[in-house]
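These are the residues of each chain, in order.
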Amino acid sequence: MQKLKLVVDNLHDSEARSLLFQILLKIESCKQDGIEKEAFTQELEGLYDHLLYYKAKETPSYAKK
């Protein structure tokens, strides 16, 4: 959990807004289109994995925590 907090704390405002928008868009799409919860969960896990994979490389001290 500390690693995730470190990554999130180091996001730029525009990155955080973009990530939040993507999550809210997926929720809206799920409700409107009746996407199954399993598919929705997989999409959110994809966002999570993407965030950790790319931002961890840019986050100072990530490997130390």
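Residues numbered from 1 in each chain as written. Predicted model: local features only at pLDDT ≥ 70, side-chain atom pairs only at ≥ 80, totals over all residues. Heavy atoms only, no water.

Asks: Mind showing me how you'd approach the overall build of the protein chain here?
Replies: Looking only at helices and strands, the protein chain features 3 helices and 0 strands. Starting at the N terminus and walking to the C terminus, you meet the elements of the protein chain as α-α-α. The long-range fraction of contacts in the protein chain, counting pairs at least 24 apart against all pairs at least 6 apart in sequence, stands at 69%. A total of about 5,300 Å² of accessible surface is found on the protein chain, and carbon and sulfur atoms cover 56% of it. (Helix = DSSP H or I, 4+ residues; strand = E, 2+ residues; numbered from the N terminus. Contact = heavy atoms within 4.5 Å. Areas by Shrake-Rupley, 256 points an atom, 1.4 Å probe, with all protein chains shown as cover.)

Asks: What exactly am I supposed to notice about the packing of aromatic side chains here?
Replies: Given two aromatic rings, one states the distance between the centres and the angle between the planes to describe the pair. Under the defined criterion, the tally for this structure stands at 1 aromatic pair. Each ring, one from Tyr53 and one from Tyr54, has its centre 4.8 Å from the other, and the planes form 90 degrees; the classification is edge-to-face. (Phe/Tyr/Trp six-rings, centres within 6.5 Å; stacked < 30°, edge-to-face > 60°.)

Asks: Even after reading the chapter, I still don't get the pattern of salt bridges, so can you show me in this structure?
Replies: Close approach of charged atoms allows side chains with opposite charge to pair. Considering all chains together, one arrives at 2 salt bridges under this definition. A salt bridge links Lys5 to Asp9; the shortest N-O distance between them is 2.8 Å. With a gap of 4 residues between them, Lys5 and Asp9 both fall in helix H1 (residues 2-9), about one helical turn apart. (Salt bridge = Lys/Arg side-chain N within 4 Å of Asp/Glu carboxyl O.)

Asks: Is there a simple way to explain a nonpolar patch on the surface in this structure?
Replies: A cluster of nonpolar side chains, contributed by Leu20, Leu24 and Ile27, occupies part of the molecular surface with about 250 Å² of accessible area. Structurally, the position occupied by Ile27 is in helix H2 (residues 13-33). (Patch = residues over 30% accessible without salt bridge, like charges linked within 9 Å, V, L, I, M, F, W, Y side chains within 5 Å.)

Asks: What is the right way to read helix H3 (residues 37-58) from this model?
Replies: Each α-helix turn comprises 3.6 residues. Residues three or four places apart therefore point the same way. The first and last C-alpha atoms of H3 sit 32 Å apart over 22 residues, in line with the 32 Å expected at 1.5 Å per residue. Along H3, the residues classified as buried are Phe40, Leu47, Leu51, Leu52, Lys55 and Ala56. Angularly, the buried residues of H3 cover 135 degrees about the axis, an arc narrow enough to put them on a single face. Exposed residues pointing more than 90 degrees away from the buried face of H3 are listed as Glu38 and Lys57. Buried-residue contacts for H3 involve H1 and H2. (Expected span 1.5 Å × (residues − 1). Buried < 20%, exposed > 50% of the residue type's maximum accessible area, 1.4 Å probe, protein only. Arc of directions from axis to C-beta.)

Asks: How should the nonpolar core be read in this particular structure?
Replies: Within soluble globular proteins, side chains that are nonpolar generally end up buried alongside one another. In this structure, Val7, Leu11, Leu19, Leu47, Leu51 and Leu52 together form the largest nonpolar core, which totals 6 residues. Here the element with the most residues in this core is H3; it accounts for 3 residues. Non-local contacts of Leu11, meaning those with residues more than four positions away in its chain, are made with Ala16, Leu19, Leu51 and Lys55. (Core = buried A, V, L, I, M, F, W, Y, C linked by side-chain atoms within 4.5 Å.)

Asks: How should I be thinking about the confidence of the model for the protein chain in this particular structure?
Replies: Low pLDDT means the predicted atomic positions in that stretch should not be read closely. Within the protein chain, residue pLDDT values average 84, and 89% of them lie at 70 or more. Across the protein chain, H2 holds the top mean pLDDT of 91, while H1 sits lowest at 84. (pLDDT = per-residue confidence, 0-100.)

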